[in-house]
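Here is what each chain is made of, one letter per residue.
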Amino acid sequence: MAAGIIDGKAIAQQVRAEVAEEVTAWVQAGHEAPGLATVLVGEDPASAVYVGGKQKASAEVGIQGFDHRLDQGASREEVEQLLLELNDDPRVSGILLQLPTPPQVDGGALTELIDPAKDVDGLTPISTGLLAKGRPGLRPCTPSGVMEMLRRHDVALEGADAVVIGRSDLVGKPVAALLLAANATVTICHSRTHDLADVARRADVLVAAVGRPAFVQGDWVKEGAVVIDVGINRTDEGLVGDVDFAAAAARARLITPVPGGVGPMTIAMLLRNTVHAARAQAGEPAWT
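Quantities reported herein were computed from a predicted structural model and do not represent experimental measurements.

Undergrad: Please explain the overall build of the chain as it appears in this structure.
TA: When its secondary structure is counted, the chain shows 10 helices and 11 strands. A compact globule built from 288 residues would reach a C-alpha radius of gyration of about 19 Å, and the chain, at 19 Å, matches this within 12%. Each principal axis of the C-alpha distribution contributes one length, and for the chain these read about 50 × 45 × 35 Å. Relative to its full complement of 288 residues, the chain shows a buried share of 48%. In the chain, once contacts between residues fewer than 6 apart in sequence are set aside, the share between residues at least 24 apart is 69%.

Below is the structure:
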C-alpha cells in the first residue's frame, strides 16, 4: 500500500483563505478588524522567526498585528504588566506569549494571566478546562490543525481506535481530548507505556508527538491506518518527524509528511482562533 499524502500546506492555505473572507465580511459589517498581539521576550532566533511568521500571516488575512518585543533581561513584572494591558485593550482580540521565555520570566505561569477570552493559544487553565468538559472555547492550535486535516480528508473518527504517542500539554493531551470529543476510542501512550509498539499497531488513527526523530517504526503502523506526525526534529539530514516516514507510508492509508504536514496548520488555526475570539467578544457566533 502506498499511503496518500495529507498536504498540510495546501489545507493551511485553504483555511487562511477562509479566514481572510471571514475578516472581510466582519469589517464590512461595521466591526473593527480582529487584532492579534504577540509578545516575545528575549532574542531567541527561532522564536523571532515564529513571531514574525505569525504577524506576517495576520497581515495577509486582514488581522491587525500588535508586535511586542522585550529585552532578554526583562523582568517578570514587566511582562505581567504588558499582558494585563493587552487584556484590557479592546483592539486586541487574541494574545500570544511566545514560548520559551528566559528563565526569570516563567512563561508558563505568565500564560495563565492571559484573559481566557483572548487565549488564542488555548493554553490557560480555563481553556484547558473548557476542552476537558466539552464546552465551547479556544482550542490549542496544533491539535486543532490535526483535527482539521482529518476532517478535510473525511477520516471517520466515530468508533475508531486512536492512539496518541505523547502526553504534553501542548499537543498530546489536547489532541486526545479532541479525538475523544469526536467519539474515537483514545489511548494516550508515553515513555512508560508497556509494549508501546503493540499498542500503536491497534490504531486506526496514530498521532505521534514525542519529539524524537523516526521514533515510530514502520511495523508499528496498522495496515490502512491514518498517521499524523506532529514531530519536527532537526537532524544532519534535515527536518524529520517522529515517524519513520518511508516505512510507515508503505503500510498507512494516509500520512502527513515532515515538513509540509502538521506544521503549516498551526499558524492557520491561530488566525482562525483570533477571528473566533473577536466574534465571541462581540457577542456573535464564533464562526460563520
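Next comes the rest of the account.
Undergrad: For this particular structure, what's the right way to read the pairing of strand E8 (residues 226-229)?
TA: Where a strand is regular, its side chains alternate between the two sheet faces. Side chains of E8 alternate between two faces, with Val226 and Ile228 and Val227 and Asp229 buried alike. Summarising the sheet, strand E7 (residues 205-208) and E8 pair through 4 bridges and their orientation is parallel. Bridge pairing in E8 links Val207 to Ile228.

Undergrad: In this structure, what is going on with the packing of helix H2 (residues 45-61) against helix H10 (residues 263-281)? I would like to understand it.
TA: Helix-helix packing: each pair is described by the crossing angle between the helix axes and the interaxial distance. Where H2 contacts H10, the axes come no closer than 10 Å and their chain directions differ by 55 degrees. Between H2 and H10, the angle is such that the two are oblique. In the packing of H2 onto H10, the handedness of the crossing is right-handed. Residues Gly53, Lys54, Ala57, Ser58 and Val61 of H2 lie in contact with H10, whose contacting residues are Ile267, Leu270 and Leu271. Looking at the contact of H2 with H10, its residues break down into 5 nonpolar, 2 polar and 1 charged.

Undergrad: For this particular structure, what's the right way to read the packing of helix H1 (residues 8-28) against helix H6 (residues 141-152)?
TA: One can describe the packing of H1 onto H6 by two numbers: an axis separation of 11 Å at closest approach and a directional angle of 100 degrees. As the angle between them shows, H1 and H6 are arranged roughly perpendicular. Each of Gly8, Ile11, Gln14, Val15 and Glu18 in H1 lies in contact with H6, whose residues at this interface are Glu148, Met149 and Arg152. Tallied by class, residues from the contact of H1 with H6 come to 3 nonpolar, 2 polar and 3 charged.

Undergrad: Help me understand the side chain of Thr38 in this model?
TA: Position of Thr38 among the secondary structure elements: in strand E2 (residues 35-41). Classification of Thr38 by relative accessible area gives buried; the value is 0%. A polar contact is formed between the side chain of Thr38 and the side chain of Gln55, at a distance of 2.8 Å. Sequence-distant contacts of Thr38, defined by excluding residues within four places in its chain, comprise Val51, Gln55, Phe66, Asp67, His68 and Leu96.

Undergrad: Just checking my understanding: could you explain the sheet that holds E8 for this structure?
TA: Picture the strands of a sheet paired through backbone hydrogen bonds; they go either parallel or antiparallel. The strand order E1-E11-E8-E7-E5-E6 describes an open sheet built from 6 strands, whose pairing is parallel. The open sheet terminates on both sides in strands that have one partner only, identified here as strand E1 (4-5) and strand E6 (185-189). Against the sheet, helix H7 (residues 172-181) touches strand E5 (161-165), E6 and E7, its axis set at about 170 degrees to E5.

Undergrad: Help me out: how do you make sense of the environment of Ala59 in this one?
TA: As for its position among the elements, Ala59 is in helix H2. Ala59 sits in the exposed class, given a relative accessible area of 56%. Residues Ala59 and Gln104, spaced 45 residues apart in sequence, show a C-alpha to C-alpha distance of 32 Å.

Undergrad: Please explain the nonpolar core as it appears in this structure.
TA: Soluble, globular proteins show a tendency: their nonpolar side chains are buried together. If you look at the biggest cluster of nonpolar residues, it comprises 45 residues, and the most contacted ones within it are Leu150, Leu179 and Ile228. Elements that contribute at least two residues to this core include exactly H1, H2, H6, E5, H7, E7, E8 and H10. Counting residues per element, this core draws most heavily on H10, at 8 residues. The next biggest cluster of nonpolar side chains, apart from the first, holds 22 residues, and it includes Ala200, Val216, Ala225 and Ile255.

Undergrad: Whenever I open this one, the packing of aromatic side chains confuses me. Can you help?
TA: Geometrically, a pair of aromatic rings is defined through the distance of the ring centres and the angle of the planes. What the rule picks out here adds up to 1 aromatic pair. Measuring from ring centre to ring centre gives 5.3 Å for Phe215 and Trp220, while their planes differ by 80 degrees; the resulting arrangement is edge-to-face. Each member of the pair, Phe215 as well as Trp220, is classed as buried.

Undergrad: Sorry if this is basic, but what is going on with the sheet that holds strand E4 (residues 94-97) here?
TA: Here 3 strands make up an open sheet; going across it, the order is E3-E2-E4 and the pairing parallel. Single-partner strands in this sheet number two, and they are strand E3 (64-70) and E4. Across this sheet, the average inter-strand angle for adjacent strands is 15 degrees, counted without regard to direction. Bridge count between E2 and E3: 7 bridges; the pairing is parallel.

Conventions we followed
Residues numbered from 1 in each chain as written. Predicted model: local features only at pLDDT ≥ 70, side-chain atom pairs only at ≥ 80, totals over all residues. Heavy atoms only, no water. Helix = DSSP H or I, 4+ residues; strand = E, 2+ residues; numbered from the N terminus. Rg over C-alpha atoms; globule rule 2.2 N^0.38 Å. Buried < 20%, exposed > 50% of the residue type's maximum accessible area, 1.4 Å probe, protein only. Contact = heavy atoms within 4.5 Å. Pairing = 2+ DSSP bridges. Axes fitted to C-alpha atoms, helices over the stretch in contact; angles between N-to-C directions. Parallel < 35°, antiparallel > 145°, perpendicular 65-115°, else oblique. Left-handed = near helix turned anticlockwise from the far one by under 90°. Nonpolar A, V, L, I, M, F, W, Y, C, P; charged D, E, K, R; others polar. Polar contact = N/O pair within 3.5 Å; in protein donor to acceptor, adjacent residues only side chain to side chain. Core = buried A, V, L, I, M, F, W, Y, C linked by side-chain atoms within 4.5 Å. Phe/Tyr/Trp six-rings, centres within 6.5 Å; stacked < 30°, edge-to-face > 60°.

Honestly, it's all geometry; don't read function into it.
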